[in-house]
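Report on the structure
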Amino acid sequence: MEKLNLFSVAQKQLDQCAKILNLDSNTHEILRVPMREIHVSLPVRMDDGSIKVFRGFRVQYNDARGPTKGGIRFHPEETIDTVRALAAWMTWKCALLDLPLGGAKGGVICNPKQMSQGELERLSRLYIDRIWQFIGPEKDIPAPDVYTNPQTMAWMMDEYSKIVGKNQFGVITGKPLGIGGSAGRDDATARGGLYTVREAAKECGIDLRKATVAIQGYGNAGYNAASLCKTLFGSEIVAISDSKGGIFSKKGLDPEAVLEHKAKTGSVINFPDTRPISNEALLELDVDILIPAALENVITDLNAPKIKAKIVAELANGPTTPEADDILYKNGVHVIPDFLCNAGGVTVSYFEMVQNFYMYYWEEKEVHERLDKKMTIAYHSVLDASKEYSINMRQAAYVVAVKRVVEAMKLRGWV
Ligand code: NAD
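Structural notes, computed from the coordinates. (Residues numbered from 1 in each chain as written. Predicted model: local features only at pLDDT ≥ 70, side-chain atom pairs only at ≥ 80, totals over all residues. Heavy atoms only, no water.)

1. A few points about helix α14 (residues 393-411)
- Given a rise of 1.5 Å per residue, 19 residues ought to cover 27 Å, and the 27 Å separating the end C-alpha atoms of α14 matches this to within 8%.
- Across the 19 residues that make up α14, a large majority, 15, are buried.
- Put simply, Asn392 is the residue that caps the front of α14, since its side-chain oxygen is 3.0 Å from the backbone nitrogen of Arg394.
- Positive phi shows up at Gly413, right after α14, with a value of about 80 degrees. (Helix = DSSP H or I, 4+ residues; strand = E, 2+ residues; numbered from the N terminus. Expected span 1.5 Å × (residues − 1). Buried < 20%, exposed > 50% of the residue type's maximum accessible area, 1.4 Å probe, protein only. Polar contact = N/O pair within 3.5 Å; in protein donor to acceptor, adjacent residues only side chain to side chain.)

Dropping the structure here:
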């Protein structure tokens, strides 16, 4: 079977939005392709003395609203089209949150699981040596993504600072706290998503103190969502799953105890006083809130008619197929689309840049308050557009974001 080309998916989504907005063809053509792509070869000295040449990319999609921003992925199956698609989505996500930023993404084809720390450090530094002219706090600001982490960001920031001859913490975000990272970055994605859930619950007339929640995936996004659902709302988490299977308890689960169990046993399954549930059945539970926080394409035309949740909060990227979207919309399920729901991460990354510029760091409480404000405003802009155009929440998120990018292009005289 032909592999799904993510970039053609991203282009189709834009085409659909262009139709809704009646976008002129010149503007549409510009927005369909990245403004700049950098392709590099990275000859890295391996621990055994040999040299291995890796391929790397940085795609800067559109900078009409400000310097571009987006993560760097180290992945064995990375492709230029995946990076292009992710760069496009970063453009729309930053615009939707009204951040003064454009969108970008980077990738290196490599398998970090088979590389030593020394090899990874040399690869990270070389990647920056090859692209440094094109990035910078006022040009393009990378961040961590799949298989890169705060340590990778620390090496990259250090390399860039050495090349330009001064400390430049603001060139990259997702850094460790000791060298310019931001408080509140760890749980920013889940926290931001839950601020939108709070607003959605008001819209749907759900009392969150009595609400039931099911969560697919128990990593950074899933665990923090479970923990915060309890502490922020007092909701009951009735089901949790990971790649090995799921658990259900009508009485509710203690997120911290489940995390401890997963750390000890490698999975959430077999947690005491629960019954097993499959990942498929979890999605179809009769709960108030369903949070996919693992994989893409898990809600399809096959199971969408059976979804009973009132709100689907997409912390994962791309969990719902376009066909399923239509079904959920017709059935009155309120979907908080991925590039709104999981935008808390990039929002706090933006706060990190701002703090680096200021050379003054906010307390966690201030980060939370500012994140809440951004997420709440973004949620309501999408809800309003969904009502104004009679379109689903995902299409509405596109409409808000693309309109803002187009406005900036017009103001700058590009179209
Ligand atoms: P993670 O690697 O920390 O956790 C992923 C979890 O999903 C793990 O618990 C894993 O066991 C589970 N999983 C894997 N396969 C599964 C399956 N078949 N069924 C059920 N569970 C399965 O990843 P994460 O950072 O929590 O990211 C999860 C999703 O959220 C991804 O789609 C990611 O793109 C998205 N996201 C995360 C962030 C972030 O800041 N962490 C930001 C934006 C989007």
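2. Concerning the pairing of strand β5 (residues 140-144)
- The element β5 is largely enclosed, with a buried count of four among its five residues.
- By the bridge criterion, five bridges tie strand β3 (residues 68-75) to β5 in an arrangement that is parallel. Each residue of the ladder has a partner; that of Ile72, found in β5, is Pro144. (Pairing = 2+ DSSP bridges.)

3. With respect to the sheet that holds strand β11 (residues 311-313)
- If you walk across this open sheet you meet the seven strands as β9-β8-β7-β6-β10-β11-β12, and the pairing is mixed. The two strands at the open ends of the sheet, each matched to only one other strand, are β9 (275-277) and β12 (334-336). Neighbouring strand axes in the sheet, compared pairwise and without regard to direction, differ in orientation by 20 degrees on average.
- Here strand β6 (residues 212-216) pairs with strand β10 (residues 289-292) via four bridges, running parallel. Its bridge partner being in β10, Val213 is matched across the sheet by Ile289. (Axes fitted to C-alpha atoms, helices over the stretch in contact; angles between N-to-C directions.)

4. Quick look at the site of the ligand
- Within the structure, the ligand sits among 18 residues, and Thr189, Tyr218, Asn220, Ala221 and Asn317 are positioned closest to it.
- A distance of 3.0 Å is found between an oxygen atom of the ligand and a side-chain nitrogen or oxygen belonging to Asn317.
- Here the ligand loses 67% of its free accessible area of 830 Å² to cover by the protein chains.
- Grouping the constituent residues of the shell around the ligand by class yields seven nonpolar, nine polar and two charged. (Near = heavy atom within 4 Å. Areas by Shrake-Rupley, 256 points an atom, 1.4 Å probe, with all protein chains shown as cover. Nonpolar A, V, L, I, M, F, W, Y, C, P; charged D, E, K, R; others polar.)

5. Considerations on the nonpolar core
- Judged by nonpolar contacts, the single largest core of 94 residues is most densely connected at Leu31, Trp92, Leu96, Ile291 and Val402.
- Looking at which domains feed residues into this core, each of domain 1 (34-169) and domain 2 (188-341) supplies at least three.
- Residues in contact with Trp92, not counting those within four places in the same chain, are Leu14, Leu31, Tyr61, Phe339, Tyr398, Ala401, Val402 and Val405.
- Core analysis: the next-biggest nonpolar cluster, separate from the first, contains 25 residues, Ile38, Met153, Met156 and Tyr160 among them. (Core = buried A, V, L, I, M, F, W, Y, C linked by side-chain atoms within 4.5 Å. Domains from an automatic or database assignment. Contact = heavy atoms within 4.5 Å.)

6. A closer look at unusual backbone geometry
- The phi dihedral of Asn270 falls on the positive side, at around 70 degrees, and the residue is not glycine.
- Position of Asn270 among the secondary structure elements: in the loop between α8 (255-265) and β9.
- Positive phi, close to 60 degrees, is recorded for Asp273, a residue that is not glycine.
- Take Asp273: it is sitting in the loop between α8 and β9.

7. Observations concerning the packing of aromatic side chains
- Per the stated rule, a full pass over the model turns up six aromatic pairs.
- Seen from their ring centres, Phe339 and Tyr398 are 5.2 Å apart, and the 80 degrees between their planes marks the pair as edge-to-face. Taken together, the positions of Phe339 in helix α11 (residues 338-341) and Tyr398 in helix α14 put the pair 59 residues apart, joining distant regions of the chain. Tyr398 matches Phe339 in its accessibility class, with the two residues each being buried.
- Taken together, the ring pairs in this structure connect Tyr61, Trp92, Phe339 and Tyr398 into an aromatic cluster. (Phe/Tyr/Trp six-rings, centres within 6.5 Å; stacked < 30°, edge-to-face > 60°.)

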